[in-house]
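Next come the chains, spelled out residue by residue.
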Amino acid sequence: MEEQKVVVLQENQSAVDFVVNAISEISGFTVVGSSCDGEEGLNLIEKFEPNFLITGIVLKSIDGFTVLERLQKSKTKAVVVSSFTSEPIISRALSSGAVYYIAKPFKGEVLKSRLLELCLGEKEPTEKVSFEMRKNTLDEKISKIFISVGIPPHIKGYYYLREGVKMAVEHP
């Protein structure tokens, strides 16, 4: 099996780090770029022409759906990793070009097995959605709270607000 290049796009750095660490444990896979910004992610995809894209839905500048739609003519296979579990969101992600949808929180082994399945040329996964659980990170919990009270992640100051709440929780 030739070296598989992967680009990772997630809504925050801790999510990026989690996915990058999970991929680093897979022999034959290399993360060639990562970002929290959708536009920057498209530039990484154009530059490195990866075999796989692991993306979230909520990204800076442009969202994951837009990234998937712009990626449809590419040979890059996209796997969506997101905390959104509503049927319309999952359906839109899959119809926009994702080959698999993994709901957060998840275990790194799930991502590993799906990537290996796709890489080894096996048929598309019979189930395109995974809900296996892992512990939520503090960033994910804060982001979910912000979304539930109507604070969109694309507004100016979102990152600083989240970091401020995180600091208050970690160092009361």
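This text follows the structure it describes.
Draft legend 1. Fine view of helix α3 (residues 64-71). Every buried residue belonging to α3 is among G64, F65, V67, L68 and L71, and all of these are buried. Taken down its axis, α3 places every buried residue within 160° of arc, on the same side. Where the residues of α3 are buried, they touch β1 (4-9), α2 (38-48), β3 (52-55), β4 (77-82), α4 (87-95) and β5 (98-103).

Draft legend 2. The packing of helix α1 (residues 13-24) against helix α5 (residues 108-119), seen in detail. At a closest axis distance of 9 Å, the pairing of α1 and α5 adopts a crossing angle of 55°. Classified by the angle their axes make, α1 and α5 are oblique. Classified by chirality, the crossing of α5 by α1 is right-handed. Note on element contacts: α5 touches α1 through G108, L111 and L115, opposite F18, V19, A22 and I23.

Draft legend 3. Focus on the environment of A15. Summarising the element assignment, A15 is placed in helix α1. When its relative accessible area of 4% is taken as the criterion, A15 is described as buried. Spatially, the C-alpha atoms of A15 and V81 are 9.6 Å apart, while their sequence positions differ by 66 residues. Setting aside residues up to four positions removed in sequence, A15 forms contacts with Q10 and K104.

Draft legend 4. Layout of the packing of aromatic side chains. What the rule picks out here adds up to 4 aromatic pairs. Pairing F18 with F106 gives two aromatic rings, centres 5.2 Å apart and planes at 85°, and the pair type is edge-to-face. Placement of F18 in helix α1 and of F106 in the loop between β5 and α5 is noted, with a sequence separation of 88 residues between them. Classification of F18 by relative accessible area gives partly exposed; the value is 24%. With a centroid separation of 5.5 Å and 75° between ring planes, the pair formed by F146 and Y158 is classed as edge-to-face. Taken together, the residues F146 in helix α6 (residues 138-148) and Y158 in helix α7 (residues 158-170) connect sequence positions 12 residues apart. The exposure class of Y158 is buried, given its relative accessible area of 7%. The cationic tip of R92 hangs over the ring face of F65; the distance from NZ or CZ to the ring centre is 4.2 Å.

Draft legend 5. Expanded view of the pattern of salt bridges. Counted according to the given criterion, the structure contains 5 salt bridges. E39 is the salt-bridge partner of R70, the closest N and O atoms lying 3.5 Å from each other. Here R70, found in helix α3, pairs with E39, found in helix α2; they are 31 residues apart in sequence, far enough to count as distant. In this structure E39 comes out as partly exposed when scored by relative accessible area, which is 33%. With a shortest N-O distance of 3.1 Å, R114 and E117 are connected by a salt bridge. Remark: E117 and R114 occur in helix α5; sequence separation between them is 3 residues, near one turn of the helix. Grouping residues by exposure puts R114 and E117 together as buried.

Scoring rules and cut-offs
Residues numbered from 1 in each chain as written. Predicted model: local features only at pLDDT ≥ 70, side-chain atom pairs only at ≥ 80, totals over all residues. Heavy atoms only, no water. Buried < 20%, exposed > 50% of the residue type's maximum accessible area, 1.4 Å probe, protein only. Helix = DSSP H or I, 4+ residues; strand = E, 2+ residues; numbered from the N terminus. Arc of directions from axis to C-beta. Contact = heavy atoms within 4.5 Å. Axes fitted to C-alpha atoms, helices over the stretch in contact; angles between N-to-C directions. Parallel < 35°, antiparallel > 145°, perpendicular 65-115°, else oblique. Left-handed = near helix turned anticlockwise from the far one by under 90°. Phe/Tyr/Trp six-rings, centres within 6.5 Å; stacked < 30°, edge-to-face > 60°. Lys NZ or Arg CZ within 6 Å of the ring centre and 35° of its normal. Salt bridge = Lys/Arg side-chain N within 4 Å of Asp/Glu carboxyl O.

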